[in-house]
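The primary structure of each chain is shown beneath.
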Amino acid sequence: MPNMRPDKNPMPHQDPQVRACNFSEVALGYTREQAIDEAQRCLNCKNMPCVAGCPVKIHIPEFIGRVAEGDFEGAYQIIAKDSALPAVCGRVCPQESQCEAKCIRGIKNEPVGIGRLERFVADWHNANATEKPVRPAPNGHKVAVIGSGPAGLTCAGDLAKKGYEVTVFEALHLAGGVLVYGIPEFRLPKSIVQKEVDTLKELGVKVETNMVIGRAITIDELKEEFGFEAVFIGSGAGLPKFMNIPGENLKGVYSANEFLTRINLMKAYKDGSDTPIMPLKGKKVAVVGGGNVAMDAARCSRRLGAEVYIIYRRSEAELPARAEEVEHAKEEGIIFKTLTNPTEILGYHNPDDPKDPRNGSVAGIRCVEMELGEPDASGRRRPIVKEGSEFDIELDCVIMALGTSPNPLIKATTQGLDTEKWGGIIADENGLTSRENVYAGGDAVTGAATVILAMGAGKTAAKAIDEALAKK
Ligand code: FAD
Ligand code: SF4
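Every residue gets a number counted from 1 within its own chain, in the order that chain's sequence is written. Going through the entries in the order they are written, you letter the chains from A and number the ligands from 1. Totals for whole chains, interfaces and linings use every residue, but because this is a predicted model, local features are given only for residues with pLDDT of at least 70 and side-chain atom pairs only at 80 or more, for both listing and counting. In computing side-chain values, all of the structure's heavy atoms are included and hydrogens and water are not.

Angle between the axes and distance between the axes: these two values describe a pair of packed helices. The convention used is that axes are lines fitted to C-alpha atoms, helices contributing only their stretch in contact, and that angles between N-to-C directions extend from 0 to 180 degrees. Comment: elements are numbered from the N terminus, with helices defined as DSSP H or I runs of at least four residues and strands as E runs of at least two. Where helix H5 (residues 72–80) meets helix H9 (residues 114–128), the axes come as close as 9 Å, and the angle between the chain directions of the two elements is 110°. Considering their axes alone, H5 and H9 lie roughly perpendicular with respect to each other. The segment H5 lies against H9, with Phe72, Glu73, Ala75, Tyr76, Gln77 and Ile79 engaging Glu118, Phe120, Val121, Ala122, Trp124 and His125. Residue composition of the contact of H5 with H9, by class: eight nonpolar, two polar and two charged. If an angle is under 35 degrees, it is roughly parallel; if it is over 145, roughly antiparallel; if it lies from 65 to 115, roughly perpendicular; otherwise it is oblique. Contacts are assigned to residue pairs with any non-hydrogen atoms lying within 4.5 Å of each other. Residues were grouped as follows: Ala, Val, Leu, Ile, Met, Phe, Trp, Tyr, Cys and Pro as nonpolar; Asp, Glu, Lys and Arg as charged; and all remaining residues, including Gly, as polar.

Structure representation (structure tokens):
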């Protein structure tokens, strides 16, 4: 008999007061008993609606069935057939709009905690499994992967398992893409990403860091001079957008990407860091935007001791961030100013002392209140300025989290690579671009999206590359 408890087993968390001052993981994970109890809530539905909601089609009821029996390694092996990064996805996938949104138990009560169970299984495997991955016999073909985010890592892993000699070229000094430079430690511990990268290396994948393709080597050189028969571009979408309002060039204005990279990758908050950010203890910070990136920047600022505002032009109902992230941000004391739009970042100017070091720094932000009108092309209600509603907030730092687009470097240095006007690489349903044997996937193609979609694209391209090179 299934367990008909209406609600999910709650996820144990660090206390909000405590975690607002540290970078340790917020969610602590299920115990063995909680995992088995949660798994017993699954009805093992014959038509498996949850699987239809999963972008990589993990055999969800099958893995949950194994958890219910206490066979955690068996559960892991089922997930691993379809997902290369279960410990990552169990933490950051938006399950509430994917598998869990389709779960039958969710119609009347809370859905089964599929994401929490995935995380439990992956963590159990990482803590207990001792078998090393077996390096397959080489098949004599060489493939280059550009970028080590979820798209690149998945493509590299799938090809390496088939015996390809794969080299991943990564621009930064550490592999992992957004998983290491964007998503903070308190949501996704970096040791988890490192373990995934180490597993790929054990499979024979070479990872070349500090290699900016388009600067150090071009794609044409990779193919013609270095003998790579196929190239997969998984270079992401790391170019930040700004609002083009006055004051965006003041000292103390950051893009969220730069801010998070300095904190996550360069540990800018530690004394003696090579790439420091301004001290935020006791300061006031505004993060402009309402997505996951905005929540991450806000919660990092809070952990560095700042009073933090989220400024978002639509209402709370339209916030694009995961509901869980919004809830966590609120619990940590972040102040939400919704239906608010900045019009100018105000600078400090001391007329009596031109040498005052504060001159040219952020002093505040001018905003207008908004109200919601008719739905726009995105289907969301259009924000309209409320007449006469202008007001100022005193601040020390502004972080712009308004979205990103692909960096134009690869396009600019690769002959005949077609892109969309906004910079996305054009690729067919198998990831093939306008260049022969050059494939692309993830945010570089779609624009900023999700980890699981990037992984799905890496998987699809690996299959297509395998089919194309097998014909050679
Ligand atoms: P990326 O992860 O961006 O990796 C691309 C890699 O390519 C980078 O390492 C980059 O340095 C490298 N690169 C770029 N150009 C070159 C070059 N010329 N040569 C060599 N290397 C190059 N998604 C979720 O599902 N859930 C979340 O909770 C979530 N939170 C997020 C929080 C933040 C702060 C951000 C920024 C994104 C978040 N996302 C989230 C989105 C998700 O992380 C991305 O959709 C996903 O990482 C895209 O994967 P990718 O492999 O396409 O690119
Ligand atoms: Fe289990 Fe929900 Fe999937 Fe049904 S829809 S099999 S209850 S997880």
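That shown, we press on.
With that settled, consider helix H2 (residues 32–39). Only protein chains enter the accessibility calculation, which uses a 1.4 Å probe. A residue is then buried if its area is under 20% of the maximum for its type, exposed if over 50%, and partly exposed in between. Taken as a whole, H2 has its buried residues at Gln34, Ala35, Ile36, Glu38 and Ala39. Residues of H2 that are buried make contact with helix H4 (60–69), H5 and H9.

Time to look at the nonpolar core. Core analysis: the biggest nonpolar cluster contains 44 residues, and Ile60, Phe63, Ile64, Val67 and Leu117 have the highest contact counts within it. Within this scheme, the nonpolar core is defined by two criteria: the residues are buried Ala, Val, Leu, Ile, Met, Phe, Trp, Tyr or Cys, and they are joined through side-chain atoms within 4.5 Å. Listed in part, the 32 residues of the second largest apolar core include Tyr254, Phe259, Ile277 and Ile399.

Turning next to the sheet that holds strand S2 (residues 165–169). For two strands to be treated as a pair, DSSP must find no fewer than two bridges joining them. In spatial order, the strands read S3-S2-S1-S4-S16; together these five strands make up an open sheet with parallel pairing. Both edges of this open sheet fall to strand S3 (206–208) and strand S16 (438–440), since each of them pairs with a single strand only. On average, each strand axis in the sheet is inclined to that of its neighbour by 20°, with strand direction left out of account. Where S2 and S3 come together, three bridges link them in parallel fashion. For Val168, the partnering residue across the bridge sits in S3 and is Val207. Each of strand S1 (142–146), strand S4 (230–233) and S16 touches helix H19 (residues 451–470); the most contacted strand, S4, lies at about 170° to it.

So, on to helix H10 (residues 150–161). Residue count minus one, scaled by 1.5 Å, sets the expected span of a helix. Between its terminal C-alpha atoms H10 stretches 16 Å, which fits the 16 Å expected from 12 residues at 1.5 Å a residue. Taking burial as the measure, the 12 residues of H10 include 11 buried ones, the bulk of the element. All of the buried residues along H10 are Pro150, Ala151, Gly152, Leu153, Thr154, Cys155, Ala156, Gly157, Asp158, Leu159 and Ala160. Just past H10, the residue Gly163 takes up positive phi, approximately 95°.

Once that is clear, we can look at the site of ligand 1. As a structural note, the neighbourhood of ligand 1 is formed by 35 residues, with Val92, Glu170, Arg187, Ile213 and Asp443 the closest of them. The backbone of Pro150 places a nitrogen or oxygen atom 3.2 Å from an oxygen atom of ligand 1. Within the backbone of Val178, a nitrogen or oxygen atom sits 3.0 Å from an oxygen atom of ligand 1. Alone, ligand 1 offers 1000 Å² of accessible surface; in the complex the protein occludes 93% of this. Secondary structure elements with two or more residues in the shell around ligand 1: H10, helix H11 (178–181), helix H15 (292–303) and H19. Looking at which element gives the most residues to the shell around ligand 1, the answer is H15, with three residues. Each residue is tested against the molecule or strand, and it is near if at least one of its non-hydrogen atoms lies within 4 Å. Residues adjacent in sequence count toward polar contacts only when both atoms are side-chain atoms; beyond that, a polar contact is any pair of N or O atoms within 3.5 Å, and within protein one must be able to donate a hydrogen and the other to accept it. Accessibility throughout is a Shrake-Rupley quantity obtained with a 1.4 Å probe, and a residue counts as covered only by protein chains that appear here.

Another point: the sheet that holds strand S8 (residues 307–311). Two pairing modes exist for strands in a sheet, parallel and antiparallel, and in both the strands are linked by backbone hydrogen bonds. Spatially, the five strands line up as an open sheet ordered S6-S14-S7-S8-S9, and their pairing is parallel. Only two strands of the sheet have a single partner each, and these edge strands are strand S6 (253–255) and strand S9 (335–337). Direction aside, the axes of adjacent strands within the sheet are offset by 20° on average. Strand direction decides the pairing type here: strand S7 (residues 284–288) and S8, joined by five bridges, are parallel. Bridging from a neighbouring strand, Ala286 pairs with Tyr309 of S8. Sheet strands touched by H15: S7, S8, S9 and strand S14 (397–400). Its angle to S8, the strand with the most contacts, is close to 165°.

Residue alternation in S4 divides its side chains into two sets, Ala230 and Phe232 and Val231 and Ile233, and both sets are buried. By the bridge criterion, four bridges tie S1 to S4 in an arrangement that is parallel. Each residue of the ladder has a partner; that of Ile146, found in S4, is Ile233. As paired strands, S4 and S16 are joined by three bridges and run parallel to one another. Looking at the pairing, Phe232 lines up with Tyr439 of S16.

The immediate surroundings of ligand 2 are formed by Cys42, Leu43, Asn44, Cys45, Pro49, Cys50, Pro61, Cys103, Ile104, Arg105 and Ile114. Considering only residue class, the shell around ligand 2 consists of nine nonpolar, one polar and one charged.

In this structure, Ala144 sits in strand S1. Those residues within four positions of Ala144 in sequence are excluded, and the remaining contacts are Thr167, Phe169, Leu222, Phe228, Ala230, Val231 and Phe232.

Along the chain, the position of Arg119 falls in helix H9. A distance of 3.5 Å separates the side chain of Arg119 from the backbone oxygen of Leu28, its partner in a polar contact. When residues no more than four places from it in sequence are discounted, the contact partners of Arg119 are Met11, Glu25, Ala27, Leu28, Gly29, Gly90 and Arg91.

Within 6.5 Å between ring centres, the rings of Phe, Tyr and Trp (the latter by its six-membered ring) count as paired, and their orientation is classed by plane angle as stacked under 30 degrees, edge-to-face over 60, tilted in between. Applying the stated criterion across every chain, the model contains five aromatic pairs. Centroid distance Phe23 to Phe186: 6.2 Å. Interplanar angle 50°. Geometry classified as tilted. One end of the pair, Phe23, is in the loop between helix H1 (16–19) and H2; the other, Phe186, is in the loop between H11 and helix H12 (190–202), and 163 residues separate them in sequence. What links up through ring pairs into an aromatic cluster is the set Phe72, Phe120 and Trp124. Here, over-ring charges are defined by two tests on the NZ atom of lysine or the CZ atom of arginine: distance to the ring centre within 6 Å, and angle to the ring normal within 35 degrees. Geometry around Phe186 places Arg303 over its ring, the cationic atom sitting 3.7 Å from the centre.

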